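Here's the letter readout for the chains.
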There are 2 protein chains.
Amino acid sequence: MRELGSSQPTAVELEILRILWELGPSPVRDIHVRLAEAKGTNYSTTVKMLSVMLTKGLVKRDDQSTPLVYRAAMTRERTAKKFLSELIEKVYDGSAMSLVLQALASGKASQAEIAEARKLLDEMEGKS
Amino acid sequence: MRELGSSQPTAVELEILRILWELGPSPVRDIHVRLAEAKGTNYSTTVKMLSVMLTKGLVKRDDQSTPLVYRAAMTRERTAKKFLSELIEKVYDGSAMSLVLQALASGKASQAEIAEARKLLDEMEGKS
DNA sequence: TTGCGTTAGCGAAAGGTTTCGCTATACTGC
DNA sequence: GCAGTATAGCGAAACCTTTCGCTAACGCAA
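### A few points about the sheet that holds strand β2 (residues 59-62) of chain B
Residue and element names in this part refer to chain B. Across the sheet, three strands lie side by side as β1-β3-β2; this open sheet has antiparallel pairing. A single partner strand is all that each edge strand has here, and the edge strands are β1 (26-27) and β2. Pairing of β2 with strand β3 (residues 69-72) involves four bridges; the strand directions are antiparallel. Each bridged residue has a counterpart across the sheet, and for Asp-62 the counterpart in β3 is Val-69. Lying over the sheet, helix α1 (residues 11-23) contacts β1, β2 and β3, oriented at roughly 100° with respect to β3. Lying over the sheet, helix α3 (residues 43-56) contacts β2 and β3, oriented at roughly 105° with respect to β2.

Written out as structure tokens, the structure is:
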């Protein structure tokens, strides 16, 4: 038995989630159009994946409306945070900052972003 | 055919890589002891996983020495960076800083780490 | 040299993910 | 109402990952 809510989305699941984050709550057809664009897969596949994801609790759906409307169960932010936690746990054995340093060192930050990060650091220092 | 070097390590593979990062180049026996500690798996399993990882290019081995010595093909840092790139690509569609902010906001940083990050920000600001 | 523990490898089972074919049902325009 | 199209679901195939049993080869001590 899979522990409830413990599993990270797989590759295709993530692709579907991202579509839902972009489009907002959508019927299968719309999701499928986007997914097929990227992968050329079948309508049945999209339906099935959504049903699997529903079982796993990754998406929710409105059974009232027809056609059925699906939406992501988690926000993009929360999902990213979970991924990060796992990455930190698995690769860095728990030190979040090592990872942050990596990301910063990748050097894609603009002045504005650096300023934003600094502001956040100030807030964190205040709290801890 | 899997594209060369394109695949992220899977769960167990990552666990083995982490052991190799900690221990440095090691014979199967040492890797196995650590892995079994965490997961209770069989010696054969460790051998097989290493052979699979060798095929995928995730580890290298010294065929001279006996018993055979394995080492990670990539550094921890480079692996983390690849994970991050993928996360950024798949979840955030390319904006690295969004992710960094998430990491910071996860709030696991100590005072010392915050100081370190700030120092890095200073350096980056100087350069850009 | 014989026997024993260790190392190495392989094939296939077990388990998870992704794909699709087939079927049923609902909706739409005639 | 009927035919044609879109929606929904299910089981199983195809594929990948993880696990292990079995076997072979090696090294070492009695």
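### Considering the protein's contact with DNA strand C
Taken together, 21 residues surround DNA strand C, and among them Thr-10, Lys-39 and Asn-42 of chain A together with Arg-29 and Leu-68 of chain B come closest. Of all DNA strand C atoms lying within 4 Å of any protein atom, the proportion belonging to sugar or phosphate reaches 71%. Within the side chain of Lys-48 of chain B, a nitrogen or oxygen atom sits 3.4 Å from a base oxygen of DNA strand C. For the surface near DNA strand C, the secondary-structure elements that each account for two or more residues are α1 (11-23) and α3 (43-56) of chain A together with α2 (28-39) and α3 of chain B. Ranked by residues supplied to the surface near DNA strand C, first place goes to α3 of chain A with five residues. Here the surface near DNA strand C is composed, by residue class, of eight nonpolar, six polar and seven charged.

Cut-offs and rules
Residues numbered from 1 in each chain as written. Chains lettered and ligands numbered in written order. Predicted model: local features only at pLDDT ≥ 70, side-chain atom pairs only at ≥ 80, totals over all residues. Heavy atoms only, no water. Pairing = 2+ DSSP bridges. Helix = DSSP H or I, 4+ residues; strand = E, 2+ residues; numbered from the N terminus. Contact = heavy atoms within 4.5 Å. Axes fitted to C-alpha atoms, helices over the stretch in contact; angles between N-to-C directions. Near = heavy atom within 4 Å. Polar contact = N/O pair within 3.5 Å; in protein donor to acceptor, adjacent residues only side chain to side chain. Nonpolar A, V, L, I, M, F, W, Y, C, P; charged D, E, K, R; others polar.

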